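Residue-level structure breakdown
Listed below are the residues making up each chain.
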Amino acid sequence: QVQLTESGGGLVQAGGSLRLSCAASGPTFSNYVMAWFRQAPGKEREFVGAISSFWRGGSTYYVDSVNGRFTISRDNAKNTVILQMNNLKPEDTAVYYCAAKIGAYSASGAAYDYWGQGTRVTVSS
């Protein structure tokens, strides 16, 4: 069982930056694909990005709308995955969720077995 806890959300002006963290429990963190999803008010959950497991090279994947602005990294020694968000836009406003799965990367939320409680990000114009 993996428990995920996000932190770092808040209110920021457009053009600003935020750094979200996801702390994971369990001794096998490096085996997991770690992903970020978001859900804006009245909208469906959306894939933001993911980083593959240590054993699959730690490759990163992003949705086009955040590519070049957001960066995902992981610290396997600290069981933490980071979502660095730069040049934030009002349309980035959402609750951001961390998720984990074993195996190959997926952009589908249904593929992920473990989820955090979410952290809210609000970007003002």
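Residues numbered from 1 in each chain as written. Predicted model: local features only at pLDDT ≥ 70, side-chain atom pairs only at ≥ 80, totals over all residues. Heavy atoms only, no water.

A short note on the state of the cysteines
Counted only if it meets this: To count as a disulfide, a pair of cysteine sulfur atoms needs to be within 2.5 Å. Where helices and strands are cited, they refer to DSSP runs of H or I of at least four residues and of E of at least two residues respectively, numbered from the N terminus. Per-residue accessibility, obtained with a 1.4 Å probe over protein chains only, is compared with the maximum for each type, and a residue is labelled buried under 20%, exposed over 50%, and partly exposed between these values.
Scanning all chains against the criterion turns up 1 disulfide. Each disulfide pairs two cysteine sulfurs, and for cysteine 22 the partner residue is cysteine 98, the sulfurs being separated by 2.1 Å. The chirality of the disulfide connecting cysteine 22 with cysteine 98 is left-handed, given an S-S dihedral of about -80°. Separated by 76 residues along the polypeptide, cysteine 22 in strand β3 (residues 18–24) and cysteine 98 in strand β9 (residues 94–102) bring together distant segments of the chain. With a relative accessible area of 0%, cysteine 22 lands in the buried category. Of the residues examined, cysteine 98 reaches a relative accessible area of 0% and is grouped as buried.

Here's the deal with the side chain of serine 53
The condition is simple: Contacts were defined at the residue level, with two residues in contact if any of their heavy atoms lie within 4.5 Å.
Locating serine 53 in the fold gives a position in the loop between β5 (46–51) and β6 (60–62). Once residues within four sequence positions are removed from consideration, serine 53 is found in contact with Ser30, Asn31, Tyr32, Val33, Gly58 and Arg74.

A short note on the pattern of salt bridges
Between side chains of opposite charge, pairing is possible as soon as their charged atoms come close. For clarity, the threshold we go by: What makes a salt bridge here is a side-chain nitrogen of Lys or Arg within 4 Å of a carboxyl oxygen of Asp or Glu, nothing more.
Evaluated as defined, the whole model comprises 3 salt bridges. A salt bridge links arginine 38 to aspartate 92, with the nearest nitrogen and oxygen atoms 2.9 Å apart. Of this pair, arginine 38 sits in strand β4 (residues 32–39) while aspartate 92 sits in the loop between β8 (80–85) and β9, and the two are 54 residues apart along the sequence. Neither residue differs from the other here; arginine 38 and aspartate 92 are each classed as buried. Close ionic contact of aspartate 92 with arginine 69 constitutes a salt bridge, the shortest N to O distance being 2.8 Å. One end of the pair, aspartate 92, is in the loop between β8 and β9; the other, arginine 69, is in the loop between β6 and β7 (70–75), with 23 residues separating them in the sequence. When sorted by exposure, aspartate 92 lands in the same class as arginine 69, which is buried. Among the charged side chains, a salt-bridge network with shared partners connects Arg38, Glu46, Arg69 and Asp92.

Points about the sheet that holds strand β1 (residues 4–7)
The cut-off we apply is this: Strands are labelled as partners when DSSP assigns at least two bridges between them. A fitted line through C-alpha atoms serves as each axis, taken over the contacting stretch for helices, and the angle formed by two N-to-C directions is quoted from 0 to 180°.
The strand order β1-β3-β8-β7 describes an open sheet built from 4 strands, whose pairing is antiparallel. The open sheet has two edge strands with one neighbour each: β1 and β7. When the angles between neighbouring strand axes are averaged without regard to direction, this sheet yields 15°. In the sheet, β1 pairs with β3 via 4 bridges, with the strands oriented antiparallel. Paired with leucine 4 across the strands is alanine 24, a residue of β3.

Concerning the packing of aromatic side chains
For clarity, the cut-off: Whether two aromatic rings pair depends on their centres lying within 6.5 Å, for rings of Phe, Tyr and Trp, where Trp uses its six-membered ring; planes under 30 degrees apart make the pair stacked, over 60 edge-to-face, and the rest tilted. Criterion for a charge above a ring: Lys NZ or Arg CZ within 6 Å of the ring centre, and within 35 degrees of the ring normal.
Counted according to the given criterion, the structure contains 7 aromatic pairs. Measuring from centroid to centroid gives 5.4 Å for phenylalanine 37 and tyrosine 112, while their planes differ by 75°, and the two rings are edge-to-face. Here tyrosine 112 lies in the loop between β9 and β10 (114–115) and phenylalanine 37 lies in strand β4, a separation of 75 residues in the sequence. Exposure remark for phenylalanine 37: the relative accessible area of 1% places this residue in the buried category. Measuring from ring centre to ring centre gives 5.0 Å for phenylalanine 37 and tryptophan 115, while their planes differ by 50°; the resulting arrangement is tilted. Residue phenylalanine 37 is located in strand β4, and its partner tryptophan 115 is located in strand β10; the two are separated by 78 residues in the primary sequence. The rings of Phe37, Phe47, Tyr61, Tyr105, Tyr112 and Trp115 are connected pair by pair, giving a single aromatic cluster. The cationic tip of arginine 74 hangs over the ring face of phenylalanine 29; the distance from NZ or CZ to the ring centre is 4.6 Å.

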